[in-house]
There are 2 protein chains.
Amino acid sequence: MTDRIREFLKTRREDGPCVVVDLDVVRANYAAFARALPDTRVFYAVKANPDAAILKALAELGSCFDTASTGEIEMALAAGAGPERISFGNTIKKERDIERAYKMGVRLFAVDCYEEVEKIARVAPGAKVFCRILCDGAGAEWPLSRKFGCVPEMAADVLEHAHRLGLAAYGVSFHVGSQQKNVHAWDQALASAAGIFRECAERGIGLSMVNLGGGFPTKYLQDVPSATAYGEAIFDALRRHFGNAIPETIMEPGRGMVGNAGLIETEVVLISKKSETDTMRWVFLDIGKFGGLAETMDEAIRYPLRTPRDGDDTAPCVLAGPTCDSADVLYEKTPVELPVSLAIGDKILIEACGAYTTTYSAVAFNGFPPLKSYVI
Amino acid sequence: MTDRIREFLKTRREDGPCVVVDLDVVRANYAAFARALPDTRVFYAVKANPDAAILKALAELGSCFDTASTGEIEMALAAGAGPERISFGNTIKKERDIERAYKMGVRLFAVDCYEEVEKIARVAPGAKVFCRILCDGAGAEWPLSRKFGCVPEMAADVLEHAHRLGLAAYGVSFHVGSQQKNVHAWDQALASAAGIFRECAERGIGLSMVNLGGGFPTKYLQDVPSATAYGEAIFDALRRHFGNAIPETIMEPGRGMVGNAGLIETEVVLISKKSETDTMRWVFLDIGKFGGLAETMDEAIRYPLRTPRDGDDTAPCVLAGPTCDSADVLYEKTPVELPVSLAIGDKILIEACGAYTTTYSAVAFNGFPPLKSYVI
């Protein structure tokens, strides 16, 4: 909670939940990343929060942009970033979207298989490609599935295929898992990357770049290491595996860039019990899983909550959203402690909601409008 | 797949996934429900698919509407239903939304606790309330959580509270679980409802109505019982538990009304393998969990798939969506069988997608637009 957000919420008159993001915090986060790894270019992961004001502020600071679709490429361009500052980082792209991106000037593309290389070779001649490899994600609170990346053993073949088709085999990428709290998680992936660099070199292909991905955490309930701690651990690992030939590096913070910059204001709609003898209260908010809090799926991300009654005695509650969908329960397996004095109509602040909230919001589920967003 | 949908898709030129709903199927479903339980009023669950053309077609047939929000109430009114045909069926309502609904003429409200009764008594004097009770949902493919309803033992107290506050204690509701394939699932809940009727009668309160809820299934991969079979089993249970004093009944089909009326057309964006030796293909579509297929969560709903290569040899595939979100995987624990000849660019038809697709769609996740919908 910043003073600027506090002042904003005091004067807000509209009904319904909203997220408020403080650009000063985003700018401070950018500076911390830039300081932590001074030789690494920052590609902000637009999907975390594509608000135009956030993209513009980051573009002004010199940020590059990691994009998932032509829609996001257009947003980054509109924010003032030239196409040379944009990576089309989704490994799953329609050929006509690759072509559109190429026509907009984008020259850097992610791949993780032969088929994607072939699409790019057909419609984006000469473009740079980096191959994403699988990574185990141990230590991450939101470990990634096997959806993106090939096994490291296949990467040199994919890159060689690109090289033979006239593309620039540019480098290797990986993702150590979202909300990664182990600063040493990059070590094993960098060892794999260095191996792929060596194998490509033996085939006469000089790779240039390692994409360190994202995974940098936001503070939810527990403390997280500083950007500096990540920077030191990553730089150590780069030196260990690449020696004196440290490659060009880029990173793709999303959650780490905007997560702690925003919060959601929500209202308590109902507090009730399921039976006369129940000790557990059910607290229903005017936002839930389909209104922007999708990352509570499996209770993965546990957001800090602030109420106007903090300091009063607390008791455990099930927390749920306002829709007629029975899956719209936020925390039940591990209930949340909330003041016993909490009342219907109270406003609750959900902290660290700057990332992965607005765009996850359903378009009109149950007739509720999507989450309102203010960037100040 | 109907002839009308086939013709429509032949002439469609736009890019991107879409859902197409055939109103003739919706009308036939309405007729089947009306025939199966001729004395039961049908309240279509608007949340299943709130498309204006669907609401208008159902309003013309005489349907009533179960709504989850003031937004849905406005949609039902716009479709031509008078407020006497609208139930505000969400048990979680802001007091000012109850007031808005009351001002729009709505007089029927769901409750499951004392606190909600008190809100209604304050701003909707004299309204009818029905109390939702918990139900175990055995036999449902999408069993409901404990989010809605109180234990049956509490219902008479909640209804008596409403009565004392000047509301009309009107009846009891329950939900046997979504995609409920056991036609006898209503029996136990109706036994509880009859018990609540008796207990209220002893307190001098005459209840009038049982809301049978939804749960009526759509055919996905497996056959489901007919509307007639549900009608007979429910009518038998009503007679068994209420004898000659069968109450007024309403039902709230959503999935059962529109699920089989629509399908999604999607495009294969990529087919790849994670390693040279993998036998499992990954098939990526241009729609996923955040684009409308949210009900694949935990692989709960398994949609039938049709490809232009059906009949060729098949092999198991992991099926995933197009976003940079690693949770956007549709079927992996139980892979899907797809033709080995399937190619990038092929169109796949996902059947039985008329319900719970369009409105679950994220507003702009990863820069992808929400699911396009055509009702023909």
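About the criteria used
- Residues numbered from 1 in each chain as written.
- Chains lettered and ligands numbered in written order.
- Predicted model: local features only at pLDDT ≥ 70, side-chain atom pairs only at ≥ 80, totals over all residues.
- Heavy atoms only, no water.
- Least-squares fit on C-alpha atoms with pLDDT ≥ 70 in both.
- Contact = heavy atoms within 4.5 Å.
- Helix = DSSP H or I, 4+ residues; strand = E, 2+ residues; numbered from the N terminus.
- Polar contact = N/O pair within 3.5 Å; in protein donor to acceptor, adjacent residues only side chain to side chain.
- Domains from an automatic or database assignment.
- Buried area = accessible area lost by both parts, 1.4 Å probe.
- Salt bridge = Lys/Arg side-chain N within 4 Å of Asp/Glu carboxyl O.
- Core = buried A, V, L, I, M, F, W, Y, C linked by side-chain atoms within 4.5 Å.
- Buried < 20%, exposed > 50% of the residue type's maximum accessible area, 1.4 Å probe, protein only.
- Disulfide = S-S within 2.5 Å.
- Axes fitted to C-alpha atoms, helices over the stretch in contact; angles between N-to-C directions.
- Left-handed = near helix turned anticlockwise from the far one by under 90°.
- Expected span 1.5 Å × (residues − 1).
- Phe/Tyr/Trp six-rings, centres within 6.5 Å; stacked < 30°, edge-to-face > 60°.
- Lys NZ or Arg CZ within 6 Å of the ring centre and 35° of its normal.

Caption draft 1: Up close: the relation of the copies chain B and chain A. By a simple turn and slide, chain B fits onto chain A: the slide is 0.0 Å along the axis, the RMSD is 0.0 Å, and the turn is 180 degrees. When the rotation and shift are considered jointly, the pair of chain copies conforms to a two-fold rotation axis. A shared interface surface links the copies, since 100% of the contact residues of chain B are contact residues in chain A too.

Caption draft 2: Representation of the side chain of D22 of chain A. Locating D22 of chain A in the fold gives a position in the loop between β1 (18-21) and α2 (23-36). Within polar-contact distance, the side chain of D22 of chain A engages the side chain of T2 of chain A at 2.7 Å.

Caption draft 3: Highlighting the domain arrangement of chain A. All names here are of chain A. If you check the domain split of chain A, you get domain 1 (23-257) and domain 2 (260-375). Placing a centre on the C-alpha atoms of domain 1 and another on those of domain 2 gives a separation of 33 Å. Contacts between the two partners involve 17 residues from domain 1, matched on the other side by 17 residues from domain 2. Summed over both sides, the interface of domain 1 with domain 2 buries roughly 1700 Å², with 61% coming from carbon and sulfur. Across the contact surface, domain 1 and domain 2 share one salt bridge. A salt bridge links R255 to E295, with the nearest nitrogen and oxygen atoms 2.7 Å apart.

Caption draft 4: Up close: the nonpolar core. Of all hydrophobic cores here, the largest spans 119 residues; its most connected members are Y44, F109, W186 and L190 of chain A. In terms of residue count, the dominant contributor to this core is helix α8 (residues 186-202) of chain A (eight residues). For Y44 of chain A, the residues in contact, after removing those within four places along its chain, are N49, I54, L55, L58, S63, C64, F65, D66, P253, G254, M257 and V258 of chain A. Of all hydrophobic cores here, the second largest spans 118 residues; its members include V318 of chain A together with V25, A233 and L342 of chain B.

Caption draft 5: Representation of the state of the cysteines. For the structure on display, the rule yields zero disulfides over all chains. Cysteine C324 of chain A shares no disulfide, and the gap to the nearest cysteine sulfur, in C113 of chain B, comes to 14 Å.

Caption draft 6: Quick peek at the interface of chain B and chain A. Across the contact, 74 residues belong to chain B and 74 residues belong to chain A. Approximately 5800 Å² of surface area, both sides summed, lies buried where chain B meets chain A, with 59% of it carried by carbon and sulfur atoms. On inspection of chain B and its partner chain A, the count reaches 16 salt bridges. Remark: the boundary between chain B and chain A carries 36 residue pairs in polar contact (both at pLDDT 80 or more). Contributing elements (two or more residues each) for the side of chain B that touches chain A: α4 (70-78), α5 (95-103), α6 (114-123), α7 (152-164), β12 (262-272) and β13 (281-285) of chain B.

Caption draft 7: Highlighting the packing of α8 of chain A against helix α9 (residues 227-242) of chain A. All names here are of chain A. One can describe the packing of α8 onto α9 by two numbers: an axis separation of 9 Å at closest approach and a directional angle of 35 degrees. Considering only the axes of α8 and α9, their crossing is right-handed. For the pair α8 and α9, the contacting residues are W186, D187, L190, A191, A193, A194, F197 and R198 in the first and Y230, I234, A237, L238, R240, H241 and F242 in the second.

Caption draft 8: Helix α9 (residues 227-242) of chain B, seen in detail. Residue and element names in this part refer to chain B. Between its first and last C-alpha, α9 extends 22 Å over 16 residues, near the 22 Å set by a 1.5 Å rise per residue. If you follow the buried residues of α9, they end up packed against α2 (23-36), β9 (178-180), α8 (186-202), β10 (209-211) and β11 (248-251). One or two positions beyond α9, positive phi appears at G243, with a value near 60 degrees.

Caption draft 9: Geometry of the packing of aromatic side chains. Counting across every chain of the model gives 26 aromatic pairs over all chains. Ring plane angle 40 degrees and centroid distance 6.1 Å describe the contact between F88 of chain B and F109 of chain B, whose orientation is recorded as tilted. Pair noted here: F88 of chain B is in strand β4 (residues 86-88) and F109 of chain B is in strand β5 (residues 108-111), with a separation of 21 residues, a long-range link. Taking relative accessible area as the criterion, F88 of chain B reaches 2% and is therefore assigned buried. When its relative accessible area of 0% is taken as the criterion, F109 of chain B is described as buried. Ring geometry for W282 of chain B and F284 of chain B: centres 5.9 Å apart, planes at 25 degrees, overall stacked. With respect to burial, W282 of chain B and F284 of chain B carry one shared label: buried. Among the aromatic residues, ring-to-ring pairing joins F33, W186, F216 and Y230 of chain A into one connected group. One residue, R302 of chain A, lies across the ring of Y331 of chain A, its end atom 4.3 Å from the ring centre.

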